Amino acid sequence: MDLHHKKIDFTNDREYVLERHCRINYECDCPWKRKMSYDEYRVEWFGPKSQTDGFFNALIDSALDRRTIAEIIYNEQNEVVGYLWVPFYEDNESGFCFADVHDIYIEEGFRALGLASKLMAYAETKAKESGANVIRSGTGCENKSSLGLHEKLGYYQYRYEFEKVLYLRFIAL
């Protein structure tokens, strides 16, 4: 399948991107958070306008860097098959630069066709061309499909993050 990439139109694609980012967050969130249904999660995530605006403004700000990948992906029939956001970070003192796959999303009807692997290869190529020393990508501890994809593509775990629930007023453990 040939893929076509279009830069995100920050006006017309806003709702699409916000919805997909929310779905990605849900799949990658901590186990206690995923005890709620996606619909409940979505209501909570979209609730604070500062949250959605904060995410979207970070996306827009990252696009000021010409290296950033912020694209909607289409197939030959002009159907949306996914979305990809990869900003770049650089330490001006050391010159160390990395690309960070913040969001990669494949529409449900197009999964298991190797498209995520193609998008990751695309991101890696663009990162190399843009002078990145490494490419990073994170996922949730229970996102088995994402973990499998990263392992298959030769990514290794370079950091661990831990959480201990102290008090949750809305979710029963």
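Conventions and cut-offs
Residues numbered from 1 in each chain as written. Predicted model: local features only at pLDDT ≥ 70, side-chain atom pairs only at ≥ 80, totals over all residues. Heavy atoms only, no water. pLDDT = per-residue confidence, 0-100. Helix = DSSP H or I, 4+ residues; strand = E, 2+ residues; numbered from the N terminus. Buried < 20%, exposed > 50% of the residue type's maximum accessible area, 1.4 Å probe, protein only. Pairing = 2+ DSSP bridges. Axes fitted to C-alpha atoms, helices over the stretch in contact; angles between N-to-C directions. Parallel < 35°, antiparallel > 145°, perpendicular 65-115°, else oblique. Contact = heavy atoms within 4.5 Å. Salt bridge = Lys/Arg side-chain N within 4 Å of Asp/Glu carboxyl O. Core = buried A, V, L, I, M, F, W, Y, C linked by side-chain atoms within 4.5 Å.

**Brief notes about the confidence of the model for the protein**
(1) Moving on: Residues at a pLDDT of 70 or more form 97% of the protein, whose mean pLDDT is 93.
(2) Moving on: In the model of the protein, helix H5 (residues 144-152) stands out as the element of lowest mean pLDDT, 90, in contrast to strand E2 (residues 69-74), which has the highest, 98.

**A short note on the pairing of strand E5 (residues 97-101)**
(1) Moving on: The buried fraction of E5 amounts to five of the five residues, a majority that puts the element mostly inside the structure.
(2) Moving on: Here E5 shows no split at all, with Cys97, Ala99 and Val101 on one side and Phe98 and Asp100 on the other all buried.
(3) Moving on: The sheet contact formed by strand E4 (residues 88-90) and E5 spans three bridges and is antiparallel. Of the residues in E5, the one forming a bridge with Tyr89 is Phe98.

**Quick look at the sheet that holds E4**
The strands that make up a sheet are held in pairs by hydrogen bonds between backbone atoms, and each pair lies either parallel or antiparallel.
(1) Moving on: The strand order across the open sheet formed by three strands is E4-E5-E7, and the pairing between neighbours is mixed. Taken across any chain shown, the strands that pair with only one partner, and hence form the sheet edges, are E4 and strand E7 (134-137). Across the sheet, the axes of successive neighbouring strands diverge by a mean angle of 30°, strand direction being ignored.
(2) Moving on: When E5 meets E7, the two strands line up parallel, connected through four bridges.

**Topic: the pairing of E2**
(1) Moving on: Counted residue by residue, E2 has six buried out of six residues, so it is predominantly covered.
(2) Moving on: Residue alternation in E2 divides its side chains into two sets, Ile69, Glu71 and Ile73 and Ala70, Ile72 and Tyr74, and both sets are buried.
(3) Moving on: Adjacent in sequence and paired antiparallel, E2 and strand E3 (residues 80-86) are bridged by five residues, among which Asn78 carries a positive phi angle near 65°.

**Some points on the packing of helix H2 (residues 38-46) against helix H3 (residues 49-62)**
(1) Moving on: Relative to each other, H2 and H3 sit at 80°, their axes nearing to 6 Å. Relative to H3, H2 is oriented roughly perpendicular. Facing H2, whose interface residues are Glu44, Trp45 and Phe46, H3 presents Gln51, Thr52 and Phe55.

**Quick notes on the pattern of salt bridges**
(1) Moving on: By the definition in use, this model includes 11 salt bridges.
(2) Moving on: A salt bridge links Glu19 to Arg42; the shortest N-O distance between them is 2.7 Å. Residue Glu19 is located in helix H1 (residues 14-28), and its partner Arg42 is located in helix H2; the two are separated by 23 residues in the primary sequence.
(3) Moving on: For Asp53, the salt bridge identified is with Lys49, shortest N-O distance 2.9 Å. Note that Asp53 and Lys49 are positioned in helix H3 at a spacing of four residues, about one turn of the helix.
(4) Moving on: A relative accessible area of 58% means that Lys49 is categorised as exposed.
(5) Moving on: The network of salt bridges with common partners includes Arg14, Lys49 and Asp53.

**Considering the nonpolar core**
(1) Moving on: Core analysis: the biggest nonpolar cluster contains 23 residues, and Leu84, Val86, Ala99, Val101 and Ile135 have the highest contact counts within it.
(2) Moving on: For this core, the elements supplying multiple residues, two or more each, are E2, E3, E5 and helix H4 (115-129).
(3) Moving on: At seven residues, the largest contribution of residues to this core is made by H4.
(4) Moving on: The contact partners of Ala99, leaving out residues within four places of it in the chain, are Val86, Pro87, Phe88, Ala127, Ala132, Val134, Ile135 and Arg136.
(5) Moving on: Membership of the second largest hydrophobic core comes to 20 residues, among which are Tyr16, Leu18, Tyr26 and Trp45.

**A look at the side chain of Arg67**
(1) Moving on: Within the secondary structure, Arg67 is located in the loop between H3 and E2.
(2) Moving on: Among residues more than four places away in sequence, those in contact with Arg67 are Val86, Phe88, Glu90, Cys97 and Ser130.

**Side note on the environment of Ala116**
(1) Moving on: Secondary-structure assignment places Ala116 in helix H4.
(2) Moving on: Spatially, the C-alpha atom of Ala116 lies 8.8 Å from that of Gly82, the residues being 34 residues apart in sequence.
(3) Moving on: In this structure Ala116 touches Ile104, Ile106 and Leu149, once residues within four positions along its chain are discounted.

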